[in-house]
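Spelled out, the chains give:
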Amino acid sequence: MNGTGRPGDNQLGESTGDVRVGVYVCHCGGNISDVVDVKALAGLMAEYPHVAVAKEYPFMCSDPGQEIILEDIRANRVNRVVVASCSPTLHETTFRRALQRGGLNPYLYEHVNIREQVSWVHKDDHAAATRKALALVRAGVEKATRLDPLEALRVKAERRVAVIGGGPAGMSAALALAGAGLPVDLFEKGPALGGRLLEMGRVFPTGEEATALARRLAEDVAAQGSIRVHLGGEITRVDGYVGNFEVRVEEGGSQARVKAGALVLATGFDHYLPGAGEFGSGDAARVATLPEFQKALGSLPAGKVLRWRGREIRHLAFLHCVGSRQAEGLNPPQADGKVNDYCSRVCCTAALHAASQVLDRFPGTQVYDCHKDIRTYGRGHEAYYEDAAKKGALFFRYAEDALPEYLPASGLLPARLKFRDVLTWMEEVEVPADLLVLATGVVPRAIKGLVESLKLPVGADRFLQEAHPKLRPVEVANNGIFLAGTCQAPMTLDEACAAAGAAAAKAAQLLSQAEISLDPFVVELKAERCTGCGKCLEECSYSGALKLVDRPLAGLGATPPGPEGLSAAVIAVNEALCKGCGACVAVCEPRALELAGWHLDQFEAMAGAIAAS
Amino acid sequence: MANATLSYDVLVVGAGIAGLQASLDLADQGRKVLLVEKQPSIGGRMINLSKVFPTLDCASCITTPRMASVAHHPNIDTRTFAELKGLRREDGRFRATLRQKARFVDGARCIGCRSCEEACPVLVPDEYEHGLGARKAIRIPFTNAIPQLALLDMDHCTLCGLCARACPTDCIDFLQKDADTEVEAGAVILATGHELTRMDAKPHYGGARLPNVLSPMQAERLLAPHGAYGRVLRPSDGRIPDSIAYVQCAGSRDRSLGVPYCSRVCCMFAAKQAMLLSGSLPTADITIYYMDIRAFGKGYEQFVANARAMGIHFVKAKVARVTEDADHNPVVRLERQEDRGLPEEVTHDLVVLSLGMLPGADPVLEDFAGVRAAPDGFLESPQAPLAPARTSQPGVFAAGTATGPKDIVDSITEAGSAAMEAVGFLRRLGEGRP
Amino acid sequence: MTEKNFNAVREQLKLAKERRGPAPAGLVEEVKEQARTQKAVLEALDKGPLTVPELAAAAGLSPRKALWWVTALRKYGRVAEGPKRGAYLSYAKNAEKP
Ligand SMILES: Cc1cc2nc3c(=O)[nH]c(=O)nc-3n(C[C@H](O)[C@H](O)[C@H](O)COP(=O)(O)OP(=O)(O)OC[C@H]3O[C@@H](n4cnc5c(N)ncnc54)[C@H](O)[C@@H]3O)c2cc1C
Ligand code: SF4
Ligand code: SF4
Ligand code: SF4
């Protein structure tokens with residue numbers, strides 16, 4: 001790993017002579033310019049010290065926008081760039097790359113957010129918004145004049161991927177990676193590959209046997225020499241960082257350690273389990289969950305009416321959204337105090353698929369379907385809805401402001417489901433149910449150990465949280481870890497397999513070169529100032545990023561002894577594990593630690609500029 | 001070299017978000033990609049949107065970086081305003097005929113200065129603004145188009161020559177012709193996207209006839225920060241609307257139109273547009289007439305809940321027809337489901353028809369190496385449950401809305417999976433066992 | 001255009017006209033009509049900012065056409081948005097561009 005570029009000492013004094021900052025104010029369509037007076041802003045910045053040019057443009061991120069910067073680097077000898085636009089999460093890298101294309105070090109760039117931080121939040125006071133934008137852009141220029149060129153960090157990467165979870169998504173990811181020439185370790189804690197497919201009946205929309213699909217994938221996996229399958233082992237922990245993960249697994253009583261450059265998580269989902277008494281659950285003869293029903297359905301002999309646990313089922317009711325689309329105040333909270341407010345995506349189609357099979361095979365059984373909305377959105381899904389309707393299923397839509405009530409059988413009355421029905425103008429109805437099938441939703445599988453050892457981000461819905469819900473659905477904030485399938489969100493089988501392919505693509509890109517480059521914004525040590533007090537160790541939340549080591553002997557590192565000559569230890573930084581959060585910098589009294597690209601004197605200058613505005 | 005056929009690892013057809021993502025996923029693994037787009041700019045539907053559900057990110061802001069990454073990627077060549085015109089398998093590889101349509105501008109010399117556009121005297125309804133705005137006969141397609149090359153529309157050109165006189169680099173070429181070229185690739189990804197149902201597909205909804213009945217894309221342009229009007233106005237007279245309604249499933253889930261399937265995105269884009277409308281017109285009344293709200297994606301249910309909380313009215317109703325009154329106010333005749341279900345008429349200022357998705361390409365008509373379409377018209381994915389990106393032909397993969405309606409995030413994951421299928425196919429090809 | 005290309009353009013236009021034939025029917029008329037409408041719109045706006053219905057009345061256009069014209073002229077910098085009047089916006093000639 002190379003060090004970072006040399007900051008700190010190289011301050012304004014040394015480079016003042018040729019610091020030429022280019023300032024570019026973006027309209028963001030009208031997102032910014034409708035509120036901030038971008039022309040005035042650019043005009044004022046043109047006068048600011050060290051600013052060589054200041055311009056405004058409708059979309060700086062567009063190709064012609066970037067071209068303006070490149071042209072100024074060429075023609076106006078601009079050597080520091082400040083773009084005032086949207087959030088840096090959107091476009092910081094866009095502009096850094098532009099600098100690179102223009103032959104400048106990409107880190108001589110400062111991004112000022114005048115959209116989220118100005119125009120969007122100060123819509124009603126244009127003058128004040130423009131003043132605030134000016135202060136922020138000035139601060140940006142102050143920082144830019146103090147920037148040093150940095151080099152990306154380079155980490156050697158293990159050319160091998162660990163896929164955790166042996167369901168369809170895990171197997172698909174493994175196959176895609178092996179297909180791209182990457183060796184794979186596939187970990188499944190159960191005794192066989194297949195995941196949830198092993199306990200399902202027929203799958204929509206093709207009607208194939210789930211177990212047959214599982215077998216097909218498992219055979220393909222077995223045929224790939226480059227996939228090592230680990231069955232029945234519990235993963236005890238995962239350490240390391242991008243390019244250098246280590247998975248520890250209990251296999252046959254002994255601990256095995258497997259190295260991997262990237263991780264694909266395919267840990268899947270659990271079925272929602274209704275609470276005791278939730279819509280009658282607990283009465284196994286009269287109430288079943290959809291997964292139970294689906295699995296049994298295939299082996300029930302066809303006949304006039306459906307028979308379930310010895311009873312004739314003349315009236316079969318499906319209840320949708322059990323454990324999903326819950327509302328606070330209406331549904332009792334889950335164990336963590338929250339309700340499952342999301343839609344589980346698959347249960348509508350699965351329920352109607354089951355309903356249409358029942359109607360086909362048991363013409364004497366009347367089917368009722370009680371839903372909030374019917375969400376048969378996918379390719380071929382709507383056909384089950386149409387089919388069930390055509391074959392005589394009756395549809396009810398329960399009002400969303402009250403939960404349907406399960407009334408147990410009493411005397412001659414069968415069990416019923418009671419609710420107000422939207423489709424019959426809010427009439428109260430009681431739907432008879434010799435068997436009630438609860439279309440239970442999907443919850444993420446509990447993977448507490450992995451979440452904790454890898455510090456994985458988890459969303460409010462308890463699924464693993466992707467880096468960007470629109471553009472980066474299979475990446476997480478942690479480098480080198482990718483999500484395949486339902487550990488990220490509810491999905492159908494084909495969607496989970498597509499996500500697995502996408503996760504494999506990201507892992508393959510990462511490992512397509514022997515070294516991985518990382519942002520250089522990590523902590524830097526001025527070893528001569530470090531007293532070895534270790535306070536920073538307590539602050540750091542990323543284990544392994546900092547550690548106390550013996551001070552190298554004089555001559556080797558040419559480090560003078562500590563101030564008192566007493567301490568024998570000094571901090572060492574593992575740049576690949578450091579996230580650049582800066583928590584340690586704040587507690588280091590002798591100022592031995594600084595964050596590359598975010599020096600304290602840069603902050604001081606920025607604060608000064610804002611205060612002066 | 002003059003006659004050598006250009007050769008690539010993968011040919012990607014269609015530069016919407018699916019094609020862009022598939023190209024990047026391949027190029028970042030070191031594969032050489034040719035990306036072909038029939039429109040004059042890359043970006044597909046997404047670059048034309050206002051903001052996207054459920055994050056409400058501005059679509060321009062999140063699409064342009066992807067477009068720029070593609071345009072600058074050393075492993076990706078891009079051809080715009082070029083169409084795939086036939087694909088054949090020859091000796092285990094694919095040979096494609098590409099038709100480069102004439103721009104009447106020399107792409108190597110045009111600097112995108114827009115001098116020609118300023119000079120041209122002919123105004124034409126702007127397709128990028130879906131007719132709401134205007135463009136010239138020669139123009140740069142839109143501000144953040146990639147590439148920034150002018151293009152001349154010969155059907156509206158008077159051959160007055162003003163543009164050529166204004167052009168500082170002499171790049172206008174009135175004699176340019178369409179040109180066919182041949183390229184070769186080891187694998188192909190079809191990301192040919194979707195079209196929308198025609199506005200007049202259901203004539204009793206008044207689309208294409210009543211000025212204040214809009215397509216959802218026109219509504220996107222009303223809401224886009226850089227859109228035609230720069231704000232929300234109604235087309236008949238420029239009035240700021242006060243009451244806006246959405247008609248859901250207007251073109252989907254309707255056997256009479258031959259579109260029995262659900263288009264998956266219209267519930268969500270209606271909720272999104274309604275939220276954006278209520279943001280820019282805080283006092284306006286916004287109603288969505290629907291049958292089922294299909295908010296099944298991650299975070300979507302919560303998104304719709306937010307829309308309800310903002311005061312958007314979700315009304316379960318069947319819309320029978322849309323007419324207009326003397327002032328061009330659309331009148332919606334409907335049957336509510338919550339109340340007694342009696343027919344009623346509600347007058348709005350503006351009505352948006354939530355049109356559905358149709359296939360963007362016909363693989364048989366366009367001769368895509370024997371790739372088949374399914375009965376719904378989208379590309380068939382015969383191995384769907386486990387390998388959704390495979391088409392009926394080995395070596396040809398599909399991504400995004402080419403295989404059926406899909407939102408952006410689902411198109412992106414499918415693109416990744418198509419890229420990996422292509423990589424696997426190429427490796428087997430290299431080992432002689434396709 | 002550079003000087004030396006003046007003749008080249010003329011030559012090209014001649015060839016292009018030969019190849020394509022006369023300009024599409026109606027197009028020349030349409031372009032003339034556009035020039036007249038544009039003149040009428042800009043003249044109407046000479047007297048001060050107008051809303052779309054006002055402009056329509058002043059320039060003898062349908063309100064829908066009037067909106068399309070201010071949209072077009074705004075895009076090409078000839079017209080700018082003025083203050084809101086009731087449920088309408090007003091449009092004025094752009095001071096920066098004659
Ligand atoms: C009104 C509306 C609003 C929407 N809002 C959202 C939203 O907020 N969030 C969201 O997630 N999704 C939204 N969507 C859905 C989103 O637009 C699609 O998911 C996305 O555009 C699909 O991308 P694609 O690449 O598959 O297709 P497209 O964007 O259609 O791209 C396909 C490209 O292929 C090109 N092409 C086709 N045939 C050929 C050929 N033969 N040769 C060369 N090129 C060809 C086309 O020109 C086109 O550029 C919305 C859709 C609509 C209609
Ligand atoms: S898919 Fe259907 S049943 Fe399942 S949570 Fe969503 S709406 Fe409810
Ligand atoms: S020659 Fe055609 S494109 Fe050029 S200015 Fe004249 S009408 Fe416009
Ligand atoms: S997404 Fe909604 S509006 Fe669109 S077709 Fe499906 S149900 Fe209808």
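1. Some details on the interface of chain B and chain A
A common way to express how large an interface is: the accessible area buried when the components associate. Taken together, the 75 residues of chain B in the interface contact 81 residues of chain A. Across the interface of chain B and chain A, roughly 6100 Å² is buried in total on both sides, 55% from carbon and sulfur atoms. Broken down residue by residue, the surface that chain B buries against chain A is led by Lys298, Pro385 and Leu386 of chain B, which jointly contribute 13%. The tally of links between chain B and chain A comes to 11 salt bridges. Arg397 of chain A is the partner of Asp292 of chain B in a salt bridge, and the nearest nitrogen-oxygen pair spans 2.4 Å. One can count 36 residue pairs in polar contact (both at pLDDT 80 or more) joining chain B with chain A. Those elements that provide at least two residues to the side of chain B that touches chain A are α1 (17–27), β3 (51–52), β4 (57–58), α2 (59–72), α7 (300–309) and α8 (408–430) of chain B. The greatest single-element share of the side of chain B that touches chain A, amounting to 12 residues, is contributed by α8 of chain B.

2. Describing the domain arrangement of chain B
Residue and element names in this part refer to chain B. Along its sequence, chain B is carved into domain 1 (6–101 + 178–193 + 360–430) and domain 2 (198–356). Taken residue by residue, the interface counts 16 residues in domain 1 and 18 residues in domain 2. Summing both sides of the interface, domain 1 and domain 2 together bury roughly 1600 Å²; the carbon and sulfur share of this comes to 68%. It is Ser50, Phe53 and Pro405 in domain 1 that bury the most area against domain 2; as a group they hold 37% of the surface buried on that side. Connecting domain 1 to domain 2 are 1 salt bridge. Among the ionic pairs, Arg264 bridges to Asp410, the shortest N-O distance being 3.0 Å. At the junction of domain 1 and domain 2, the tally comes to 6 residue pairs in polar contact (both at pLDDT 80 or more). Contributing elements (two or more residues each) for the side of domain 1 that touches domain 2: β3 and α8. Taken together, the residues of the side of domain 1 that touches domain 2 break down into 8 nonpolar, 2 polar and 6 charged.

About the thresholds
Residues numbered from 1 in each chain as written. Chains lettered and ligands numbered in written order. Predicted model: local features only at pLDDT ≥ 70, side-chain atom pairs only at ≥ 80, totals over all residues. Heavy atoms only, no water. Contact = heavy atoms within 4.5 Å. Buried area = accessible area lost by both parts, 1.4 Å probe. Salt bridge = Lys/Arg side-chain N within 4 Å of Asp/Glu carboxyl O. Polar contact = N/O pair within 3.5 Å; in protein donor to acceptor, adjacent residues only side chain to side chain. Helix = DSSP H or I, 4+ residues; strand = E, 2+ residues; numbered from the N terminus. Domains from an automatic or database assignment. Nonpolar A, V, L, I, M, F, W, Y, C, P; charged D, E, K, R; others polar.

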